[in-house]
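Below are the chains, spelled out letter by letter.
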Amino acid sequence: MEDVFDTTGRPPKGWMHAIFHGGPYGEDVGRCVPGPPAPEILTVSPVRGEVHVYRLGTVGSWSDPDDPIAVYNPDGPPVPPSLLSDQEKELLRQAQQRRGLGPIGLVALFRGRLARDPDVSTIESMLAGLRHREHLLLQRLTDHDEGDRYIQVLLDEDDTYEVEHQAGTAAERDRTRSPSLAAVRDAVLRWAADQPSRRTALEGPEPGDGT
């Protein structure tokens, strides 16, 4: 049924009707969620590759106490795109080979879409087009033993940018925040070009420079 989904992948033991306020489903009483009890956070993918998070607001009933209604609001925590798995990377490589194209070095994931080896203008357009609570993820396609290398940008609701990058292992992950789109663009483009990064507002002052 199109109006029913199960986020666990297993048949639920019971059903709870839900009302969604805003988000891709608007106010859709026909949707159902696993329950009872209703999950605190509900993640849905209305479009392939796109993730939307709802947070449980309240649970009540119109008439029958045995038929509770869960009301969800689209104000859950922002969810970044998932990194491509090793299998997905290999499928991309095989597709490139079948087309007679060279290897892919970098992919951009934005609003459920994937861009292969995005150029400067494409990355700038994605950054400029970020809306509140949206992510842009750039992932470098590396061999399995190199670990994942990525940089992701979140535009928060206070108009600041949270930038997280990882260079191989979780231990090498770094997260910074900046109100400057120009500084974020500089950092992201240098990362995408695999260039040594000069000091920016994201990185702070050089050690010993007296600031």
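A short tour of the structure in this document, coming up. No experiment lies behind these values; they were computed from the predicted model shown.

### So, the overall build of the protein chain
When helices and strands are tallied, the protein chain shows three helices and eleven strands. Looking at the protein chain as a whole, 36% of its 211 residues are labelled buried. Sequence-distant contacts in the protein chain: of pairs separated by 6 or more residues, those separated by 24 or more amount to 41%. A total accessible area of about 12400 Å² is found for the protein chain, and carbon and sulfur atoms account for 49% of it.

### Quick notes on the packing of aromatic side chains
Using the criterion set out here, one finds two aromatic pairs in the structure. Aromatic pair Phe-20 and Tyr-72: ring centres 5.8 Å apart, planes at 25 degrees, arrangement stacked. A residue pair is termed long-range when its members are at least 10 positions apart, and Phe-20 in strand S1 (residues 14–20) and Tyr-72 in strand S5 (residues 69–73) qualify at 52 residues. Joined through ring pairs, the aromatic side chains of Phe-20, Tyr-54 and Tyr-72 make up one cluster. The cationic tip of Arg-140 hangs over the ring face of Trp-191; the distance from NZ or CZ to the ring centre is 4.1 Å.

### Structural notes on unusual backbone geometry
Phi at Asp-117 takes a positive value of approximately 40 degrees, unusual for a residue other than glycine. Here Asp-117 shows up in the loop between strand S7 (113–116) and helix H2 (120–128). Phi angles above zero are rare outside glycine, and Asp-159 is one such case at about 70 degrees. As for its position among the elements, Asp-159 is in the loop between strand S9 (149–155) and strand S10 (161–167).

### Concerning the side chain of Glu-164
Position of Glu-164 relative to the elements: it lies in strand S10. According to the relative accessible area criterion, Glu-164 is buried, its value standing at 5%. Within the local environment of Glu-164, its side chain forms a polar contact with the side chain of Tyr-150, the two groups lying 2.5 Å apart.

### Examining the sheet that holds strand S11 (residues 174–178)
Overall, antiparallel pairing links the six strands, which are arranged S7-S6-S8-S9-S10-S11 in an open sheet. On the outer flanks of this sheet lie S7 and S11, each paired with one strand and no other. Neighbouring strand axes in the sheet, compared pairwise and without regard to direction, differ in orientation by 15 degrees on average. Relative to S10, S9 is paired through seven bridges, and the arrangement is antiparallel. By the bridge assignment for S10, Tyr-150 is matched with Gln-166. On top of the sheet, H2 reaches strand S6 (106–110), S7, strand S8 (134–140) and S9; it is set at about 155 degrees to S8, its chief contact.

### Brief notes about H2
Looking at H2, one finds that the buried residues are Ile-123, Met-126 and Leu-127. Down the axis of H2, the buried side of the element spans an arc of 100 degrees, and every buried residue falls inside it. Turned more than 90 degrees away from the buried face of H2 sit Ser-125 and Ala-128, all of them exposed. Where H2 is buried, its residues contact S6, S7, S8, S9 and helix H3 (181–192).

Analysis parameters
- Each chain carries its own residue numbering, running from 1 in the direction its sequence is written.
- With the structure being a predicted model, the display of local features is reserved for residues of pLDDT at least 70 and the display and counting of side-chain atom pairs for 80 or more, all residues being used for whole-chain, interface and lining totals.
- To obtain the side-chain values, all non-hydrogen atoms of the structure were used and water was disregarded.
- Elements are defined by DSSP. Helices are runs of H or I of four residues or more, strands are runs of E of two residues or more, and each kind is numbered from the N terminus.
- Categorising residues by exposure relies on relative accessible area from a 1.4 Å probe, with only protein chains included: less than 20% of the type maximum marks a residue as buried, more than 50% marks it as exposed, and the intermediate range marks it as partly exposed.
- Contact definition: two residues touch when any of their heavy atoms are within 4.5 Å.
- Per-residue and other accessible areas were derived by the Shrake-Rupley procedure at a 1.4 Å probe size, with only the shown protein chains allowed to occlude residues.
- Stacked, tilted and edge-to-face pairs are distinguished by plane angle, under 30 degrees for stacked and over 60 for edge-to-face with tilted covering the rest, among Phe, Tyr and Trp rings (Trp via its six-membered ring) whose centres lie within 6.5 Å.
- To sit over a ring, a charge needs its Lys NZ or Arg CZ within 6 Å of the ring centre and within 35 degrees of the ring normal.
- Identification of polar contacts relies on pairs of N or O atoms within 3.5 Å, with a donor-acceptor requirement for protein atoms, meaning one able to donate a hydrogen and the other able to accept it, and with residues adjacent in sequence counted only if both atoms are side-chain atoms.
- Here, any two strands with at least 2 DSSP bridges between them count as paired.
- For every element, the axis is a line fit to its C-alpha atoms; helices are fit only across the contacting stretch, and the angle between N-to-C directions ranges from 0 to 180 degrees.
- Arc, as used here, means the arc of the directions from the helix axis to the C-beta atoms.

Purely spatial values, then, with no claim about function.
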